[in-house]
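Residue-level structural notes
The primary structure of each chain is shown beneath.
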Amino acid sequence: MFAVAEVPPALAAAAAPTPAAAPVPAAAPVPAAAPVPAAAPVPAAAPVPTRRTRLWYAVVFPHLLVPPSTAAAGAPPPGLEVLCLHAQSFTSCVSIEPPNALLLEVKGSLRLFESLEHLHGLLDARWQSLGITTHSAIAPSTLAALWCARVGFSACIHEPTLLASRLASLPVACTVWDAERLRSLRSMGITRLGELLRLPRAGLARRLGVAAVRDLDIATGREAEPRRAFVARQRFRERMDFEAEIENVAYLERACEPVLGRCARFLRERQAGVQALQLRLRHRDGPATLVRLGLAGITGEQRRLADVLGERLARVELPAPVRALELVSGRLQPLSAASLDVFGACGRGAGPDTAQRLVERLRARLGESAVYGVAAIPDHRPEAAWRRVQELLLDPDGAPLANAAAAAVPWDPMPRPLWLFDMPVLLADAKSPQRQGWVLEHGPERIESGWWDGKGVARDYYCVREGHGGKLWIFQERRTKSWYLHGVFA
Amino acid sequence: MACFGAAKMWMPRESSSLADLLADARVWKLKDASAAPSRPVWSTGNSALDARLPGGGWPTASLVEVLIGATGLGEVQLFLPALVECQRKADVEIPWLVWIAPPYEPYAPALAQQGIDLARLLVVQPATATEALWAAEQALGSGVCAAVLLWLKGTDDRWLRRLKLAAEAGRALGVLFRPERHRFESSPASLRLALTSAQSGAQTAPQPRLELLKVQGGRPGFVDLAAP
């Protein structure tokens, strides 16, 4: 309302405590000129939003217990996430401020809750009903609200221009800067923020670091600091108790179907998929049996989940009859458009089998490491020229790329055996190729490489045909002159 | 009367005509090797062998059994040209090749040298023979694999029948490698070969010898692979 009248003196006041602000153009005469032309034609009485400011409500929970493990990792304590869910019933933008504070953007909620006083009252009532001690403050900048709340100064600042003057009386310790910075401030004789704001900027930046000056800028509203809204982690979790105990795994698979169907619907509503599922089978006594499911790709299709679950359950040995089961989904992941099926909702039996589903089924029963691909590596040493690949290119679109990569590798024109032994087999003297009467088909091919990584080889390779007609790949170690069998041409 | 009854049993649906029924992979027609095949075949890359096989190549959507005297006789090499060709000719999506329980590690550079698309090759190493058979049935019946190669020490007739049905349902070529000692056991495979070492002249290198044991729609006997 009175913003227009107040702007020039307030800006002057805001600029006054920092005479050294001259090099920064933002604090120079520019702001004084900017709001005036926009505001001049407007009658002073009209309710005009002079600036697009936000209003932050900070709440600090001084008695919240922070487990040392989460404090060390920098993660928010679990209790704060629960409180965050409460706060989300008042505004969509809630950010967690470790270790023990929340920051709510309330400007966007004012119309819904009619007035700031009403909203403030509702928030305080919510914390009281939870039986928690809180300190709260409202300010147009994030750090100002937090700092006020930390020292228990329940301020309610509406105007960004008033920030500097209202923060002046706060003790410096509310900034929770590191101990060394606070100690140097104390040695300078500064205890209040007001004294700090009066100091020249350049000197302040030199003594306390640029980060401290930036904090002050944010607190006084000269610089904006956006916050990321907290998004609660979502999972599907459902428990089902059976009327009778189930002993047979086949029945268990049927019993899982309705829960799995609800899980698939839950995922479909959120346009999300999962890559892991956990099934907990509870018995009358003894620990629950855990069944973990891993999928080759992100999916929300009931049929695929049921396929994998069926294969996995077939391998489970039940220690006791099952009384209840609980299905817990892994982290929800956004579904890519390619894996959606037009008729996906039509139920089981729709759509052909895909490579992805086949690999999932095989892996569910045989184990992750039993199903793999192979890739060639451009290396002259035979044993270093290939590797196993666990991440398969199951996406049909990915194939041409891999094809091009394979074609780019320059292949040795020399023949290579189809079976390569993990370790070359030493041929005893009595079995040396000459004595065996093996017939040379191809060779020698000298391979001398790898001196740089300590696994150097110096060998002469030959293709020979042995007495029974088998084609072998043998080599002679150049140093020791001993013969080895390294592969078979199958 | 009996004939009518049989005819009814053969026609589950009104719409199926005689031609449809004959195109079904499960129907075995006796005919000579020169007749046009009802389903596609893959050339073996060897003209002498092609001439002896009905349709002129490896049959698809069926089970082929290879009995090997020893490893290293070129048993996989028999099939590699056909596998490369079927991957290269694929118009929509390159089909998968699945190798189940190979006796040694398949050597990637050798396969790439031959032209196999390694991005579409799946190696499965199951712990037991039963799991290998199960994996083979799954892969054959999935419809995404062009060929499934399976190495086994021994298996029973019932499992082989299941593999054959899965191969027909999934339109895939199933190749089963078994030791030669199973030569005299009955097998539902539509094509049975034996690859053994020949005891030829003492001075020349022994060459592996291929014998057709059972050919549906063809004549069994020895095949000279070295012939032009």
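Check the entry above for the structure.
An account of the accompanying structure is given in this report. Not measured: the values here are computed from a predicted model. (Residues numbered from 1 in each chain as written. Chains lettered and ligands numbered in written order. Predicted model: local features only at pLDDT ≥ 70, side-chain atom pairs only at ≥ 80, totals over all residues. Heavy atoms only, no water.)

1. Some details on the overall build of chain A
To keep things clear, this is the line we draw: Elements are defined by DSSP. Helices are runs of H or I of four residues or more, strands are runs of E of two residues or more, and each kind is numbered from the N terminus. The classification of residues rests on relative accessible area computed with a 1.4 Å probe and restricted to protein chains. Under 20% of the type maximum is buried, over 50% is exposed, and intermediate values are partly exposed. Here, residues are in contact when the closest pair of their heavy atoms is within 4.5 Å. With residues, only the protein chains shown are counted as cover, and all accessible areas are computed by Shrake-Rupley using a 1.4 Å probe.
When helices and strands are tallied, chain A shows 17 helices and 16 strands. When burial is assessed residue by residue, chain A has 43% of its 490 residues classed as buried. Here the analysis covers contacts within chain A between residues at least 6 apart in sequence; of these, 60% occur between residues at least 24 apart. As displayed, chain A offers around 26,200 Å² of accessible surface, 56% of which is attributable to carbon and sulfur atoms.

2. Structural notes on the nonpolar core
Generally speaking, a soluble globular protein has its nonpolar side chains buried in company with each other. Quick reminder of the rule: Remark: nonpolar core denotes a set of buried residues (Ala, Val, Leu, Ile, Met, Phe, Trp, Tyr, Cys) joined through side-chain atoms within 4.5 Å. These domain boundaries are the output of an automatic or database domain assignment.
V76(B), W99(B) and L193(B) are the most contacted members of the largest nonpolar core, which totals 68 residues. When residues of this core are sorted by domain, at least three fall in each of domain 3 (372-411) and domain 4 (413-488) of chain A. Each residue touching V76(B), except ones within four places of it in the same chain, is listed here: L418(A), W419(A), A490(A), W99(B), L149(B), W151(B) and F177(B). The next biggest cluster of nonpolar side chains, apart from the first, holds 37 residues, and it includes L143(A), I157(A), L185(A) and L204(A).

3. Regarding the interface of chain A and chain B
Many structure descriptions define interface size as the accessible area lost when the parts assemble. To be explicit about the condition: Using a 1.4 Å probe, buried area is obtained as the accessible area two parts lose upon being combined, added over both of them. Any Lys or Arg side-chain nitrogen located within 4 Å of an Asp or Glu carboxyl oxygen qualifies as a salt bridge. Whenever a nitrogen or oxygen atom comes within 3.5 Å of another N or O atom, the pair is scored as a polar contact, on the condition that within protein one atom can donate a hydrogen and the other can accept it, and that pairs from neighbouring residues in sequence are kept only if both atoms are in side chains. When residues are sorted by character, Ala, Val, Leu, Ile, Met, Phe, Trp, Tyr, Cys and Pro go into the nonpolar class, Asp, Glu, Lys and Arg into the charged class, and all the rest, Gly among them, into the polar class. Here, any two strands with at least 2 DSSP bridges between them count as paired.
Contact with chain A, which involves 54 residues of that partner, is made by 48 residues of chain B. Buried surface at the junction of chain A and chain B, both sides included, amounts to about 4,200 Å², of which 65% is carbon and sulfur. When the buried area of chain A at its contact with chain B is split by residue, V374(A), L418(A) and W419(A) rank highest and sum to 17% of it. For the interface between chain A and chain B, the tally reads one salt bridge. Our count for the contact surface shared by chain A and chain B stands at eleven residue pairs in polar contact (both at pLDDT 80 or more). Only α15 (355-366), β10 (371-376), β11 (386-389), α16 (399-408), β12 (419-427), β13 (439-449) and β16 (483-489) of chain A provide two or more residues apiece to the side of chain A that touches chain B. Within the side of chain A that touches chain B, the residues separate by chemical class into 33 nonpolar, seven polar and 14 charged. Pairing analysis gives two bridges linking β10(A) to strand β6 (residues 121-124) of chain B, with the strands arranged antiparallel.

4. Notes on the sheet that holds β12(A)
The strands making up a sheet associate through hydrogen bonds between their backbones, and the pairing can be parallel or antiparallel. Read across the open sheet, the six strands follow the order β13(A)-β14(A)-β15(A)-β16(A)-β12(A)-β5(B); overall the sheet is antiparallel. Pairing within the sheet leaves two strands with one partner each, and these edge strands are β13 of chain A together with β5 (105-106) of chain B. Bridge analysis of strand β15 (residues 471-477) of chain A against β16(A) gives six bridges, and the strand direction is antiparallel. When the bridges of β16(A) are listed, L472(A) appears paired with V488(A).

5. Quick word on the packing of aromatic side chains
Applied cut-off: Between rings of Phe, Tyr and Trp, where Trp is taken as its six-membered ring, a pair exists when centres lie within 6.5 Å; planes separated by under 30 degrees are stacked, by over 60 edge-to-face, and by other angles tilted. Our definition puts a charge over a ring when NZ of Lys or CZ of Arg is within 6 Å of the ring centre and also within 35 degrees of the ring normal.
Per the counting criterion, the structure on display carries 16 aromatic pairs over all chains. Seen in terms of ring centroids, W147(A) and W177(A) are 6.3 Å apart; in terms of plane orientation they differ by 90°. Their pairing is edge-to-face. One end of the pair, W147(A), is in helix α7 (residues 142-150); the other, W177(A), is in the loop between α8 (163-167) and α9 (179-187), with 30 residues separating them in the sequence. Arranged with centres 4.9 Å apart and planes meeting at 15°, the rings of W151(B) and F177(B) form a pair that is stacked. Residue W151(B) is found in strand β7 (residues 145-151), and its partner F177(B) is found in strand β8 (residues 173-179); the two are separated by 26 residues along the sequence. Through pairs of rings, three or more aromatic residues link up here, namely W419(A), W58(B), F79(B), W99(B), W151(B) and F177(B). Residue placement shows R388(A) over the ring face of Y372(A); its charged tip is 3.9 Å from the ring centre. Note that R459(A) overlies the ring of F475(A), its terminal NZ or CZ placed 4.3 Å from the centroid.

6. A look at the pattern of salt bridges
All names here are of chain A. The tally for this structure, following the rule as stated, stands at 30 salt bridges over all chains. Put simply, R239 and D241 hold a salt bridge, and the shortest N to O gap is 3.2 Å. Note on D241: relative accessible area 53%, which makes it exposed. Among the ionic pairs, R284 bridges to E245, the shortest N-O distance being 3.1 Å. A residue pair is termed long-range when its members are at least 10 positions apart, and R284 in the loop between β6 (272-283) and β7 (289-299) and E245 in strand β5 (residues 237-246) qualify at 39 residues.

7. Here we look at the sheet that holds β7(B)
Where we set the bar: Here, axes are lines fitted to C-alpha atoms. For helices the fit covers the stretch in contact, and angles between N-to-C directions go from 0 to 180 degrees.
Spatially, the ten strands line up as an open sheet ordered β11(A)-β10(A)-β6(B)-β4(B)-β7(B)-β8(B)-β3(B)-β9(B)-β10(B)-β11(B), and their pairing is mixed. On the outer flanks of this sheet lie β11 of chain A together with β11 (221-223) of chain B, each paired with one strand and no other. Each strand of the sheet is rotated relative to its neighbour by a mean of 25°, with strand direction disregarded. As paired elements, β10(A) and β11(A) share four bridges and run antiparallel to each other.

8. Focus on the environment of L116(A)
Mapped onto the elements, L116(A) comes out in helix α6 (residues 116-130). Beyond its immediate stretch of four places on either side in the chain, L116(A) contacts L55(A), V106(A), L110(A), I138(A), C156(A) and H158(A).

9. With respect to the pairing of β7(A)
Residues and elements named next belong to chain A. One ladder, built from seven bridges, connects β6 with β7; its direction is antiparallel. Each bridged residue has a counterpart across the sheet, and for A276 the counterpart in β7 is G294. Hairpin connection from β6 to β7: five residues lie between these consecutive antiparallel strands, with G286 at a positive phi of about 90°.

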